[in-house]
Amino acid sequence: MTIYEFDPIRDPRWRQLLQQHPEACVFHTPAWLQALKDTYRYEAVGITTTEPGLPLKNGLVFCRVKSWLTGSRLVSLPFSDHCQPLTDSESDMTAFLNYLEMQFTSGKWKYVELRLLDCKVPEEGPPFEESASFCLHKLDLRPTIAELHQRMERSSIRRPLRVAEREGLTIEWGRSESLLHKLLGLLMLARQRHHVPPQPLEWFQNLIRNFNEDLTIWIVSANGHPAAGLLTLQFKNDIVFKHSGSDATFHNLGSVPFLYFTALRDAQKRDATCLDFGRSELDNAGLLRFKDHWGASRIPLNYYRLARNSASLAWHPRGMGLAQRVFSSLPKPFLTAAGRLLYRHIG
């Protein structure tokens, strides 16, 4: 079976396939791929069994990540929670994997990575191995807001919502420089708690420029101080909670549940039918519970790699613990500089 490459950013056939295919998501979109290219210089490539000039019947998109620091690799897709191959045929999927294996063996690639939601690679084909397992939470937004509210856990969601209302928390939204500045400050606090650097300013600016009205920044404030922030993306009828951060000082005021609930309610007004809460590591019990308490469903999320050796199968690279200890002691300006330097190497 012949495989053809195409440019998923500029080829209008890709946009048409995304509008038609039920598994297409925000991470497949030209806007997302362009933001990756603008920020990290990743080259996006699409492959299909469809001949040039004909409407696409299927497609898989990946990025060529070239790094002198962490090794060059083919990833579908970097900084994306998941990215399904858009095909309903196992034979097409096998043809895609065979093509990726050919690219892998003929180039100086450390590994090829697929991020698959609720599915596995075909047993007949290249020897992709599972490198990491996660959980994705999705919430069906088709019930009424009253029904959704009733399904939310009382002590961790509904009670804090009453506290937030009593405390007079305020919320603003949009895409302004002022809102972005507040969001970055809250993301910095969250990243410091987890001992990792924040993503660079350019990443968020490029997201705003490429998504435009399909991106919203939400900021909750307490007495004029930013308390919690969220960046959401929309594609068709799906809303994705992509980046969030908060000031732990205001957690007791219900700032985070108030933020999420307001964005959820707005998603319904936009006629969204699904809310994507994002990826969670399986050993992060607190985050898993928090997303469960919204009434969201868990979906298995598995990453697969075709690698040259077992060391390249490890999701957490060697030395991560040491790096986190170093990051935990860095002042904010140095932590910001570390993020600007390192993120293009770790996608």
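Basis of the calculations
Residues numbered from 1 in each chain as written. Predicted model: local features only at pLDDT ≥ 70, side-chain atom pairs only at ≥ 80, totals over all residues. Heavy atoms only, no water. Helix = DSSP H or I, 4+ residues; strand = E, 2+ residues; numbered from the N terminus. Rg over C-alpha atoms; globule rule 2.2 N^0.38 Å. Buried < 20%, exposed > 50% of the residue type's maximum accessible area, 1.4 Å probe, protein only. Contact = heavy atoms within 4.5 Å. Areas by Shrake-Rupley, 256 points an atom, 1.4 Å probe, with all protein chains shown as cover. Lys, Arg positive; Asp, Glu negative; His and termini not counted. Charge placed at Lys NZ, Arg CZ, Asp CG, Glu CD. Axes fitted to C-alpha atoms, helices over the stretch in contact; angles between N-to-C directions. Parallel < 35°, antiparallel > 145°, perpendicular 65-115°, else oblique. Nonpolar A, V, L, I, M, F, W, Y, C, P; charged D, E, K, R; others polar. Phe/Tyr/Trp six-rings, centres within 6.5 Å; stacked < 30°, edge-to-face > 60°. Lys NZ or Arg CZ within 6 Å of the ring centre and 35° of its normal. Salt bridge = Lys/Arg side-chain N within 4 Å of Asp/Glu carboxyl O.

So, about the overall build of the protein. When its secondary structure is counted, the protein shows 11 helices and 12 strands. In summary, the protein has a C-alpha radius of gyration of 21 Å against a globular reference of 20 Å for 347 residues, a match within 12%. Along the three orthogonal principal directions, the C-alpha set of the protein runs to about 65 × 45 × 35 Å. Of all 347 residues assigned to the protein, the portion counted as buried reaches 54%. Considering only contacts within the protein whose residues lie at least 6 apart along the sequence, 74% involve residues at least 24 apart. As displayed, the protein offers around 16,300 Å² of accessible surface, 50% of which is attributable to carbon and sulfur atoms. Here the protein contributes 42 positive and 36 negative side-chain charges, whose respective centroids are spaced 7 Å apart.

With that out of the way, let us pick up the packing of helix α5 (residues 154-167) against helix α8 (residues 255-269). Any two packed helices are characterised by the angle at which their axes cross and by the distance between the axes. Two elements in contact, α5 and α8, have axes whose closest approach is 8 Å; the angle formed by their N-to-C orientations is 95°. Judged by the inter-axis angle, α5 sits roughly perpendicular to α8. Listed contacts from α8 to S156, I157, P160, L161 and A164 of α5 are P257, F258 and F261. Split by residue class, the contact of α5 with α8 holds 7 nonpolar, 1 polar and no charged.

Here the focus is helix α2 (residues 30-40). The buried fraction of α2 amounts to 9 of the 11 residues, a majority that puts the element mostly inside the structure. Turning to α2, its buried residues are P30, A31, W32, L33, Q34, A35, L36, T39 and Y40.

Moving on, we come to the packing of aromatic side chains. Per the counting criterion, the structure on display carries 18 aromatic pairs. Ring centres of F134 and Y303 lie 4.9 Å apart, and the angle between their planes is 55°; on these two criteria the pair is classed as tilted. Placement of the pair is F134 in strand β6 (residues 129-140) and Y303 in strand β12 (residues 297-307), with a sequence separation of 169 residues. A single burial state applies to F134 and to Y303, both of which are buried. Three or more aromatic residues joined by ring pairs make a cluster, and in this case those are F27, W32, Y40, Y42, F79, W203 and Y343. Taking the ring centre of F134 as reference, the NZ or CZ of R279 above it sits at 4.5 Å. The side chain of R305 reaches across the aromatic face of Y111, ending 3.9 Å from its centre.

Moving on to the pattern of salt bridges. The final tally for this structure, using the stated rule, is 12 salt bridges. We note a salt bridge from D38 to R209, for which the minimum N-O separation is 3.2 Å. Of this pair, D38 sits in helix α2 while R209 sits in helix α7 (residues 201-211), and the two are 171 residues apart along the sequence. Assessed through its relative accessible area of 52%, R209 is described here as exposed. D266 is the salt-bridge partner of R270, the closest N and O atoms lying 2.7 Å from each other. Looking at R270, the relative accessible area reads 33%, which means it is partly exposed. Among the ionic contacts, a cluster of salt bridges with common partners joins E5, E43 and R64.

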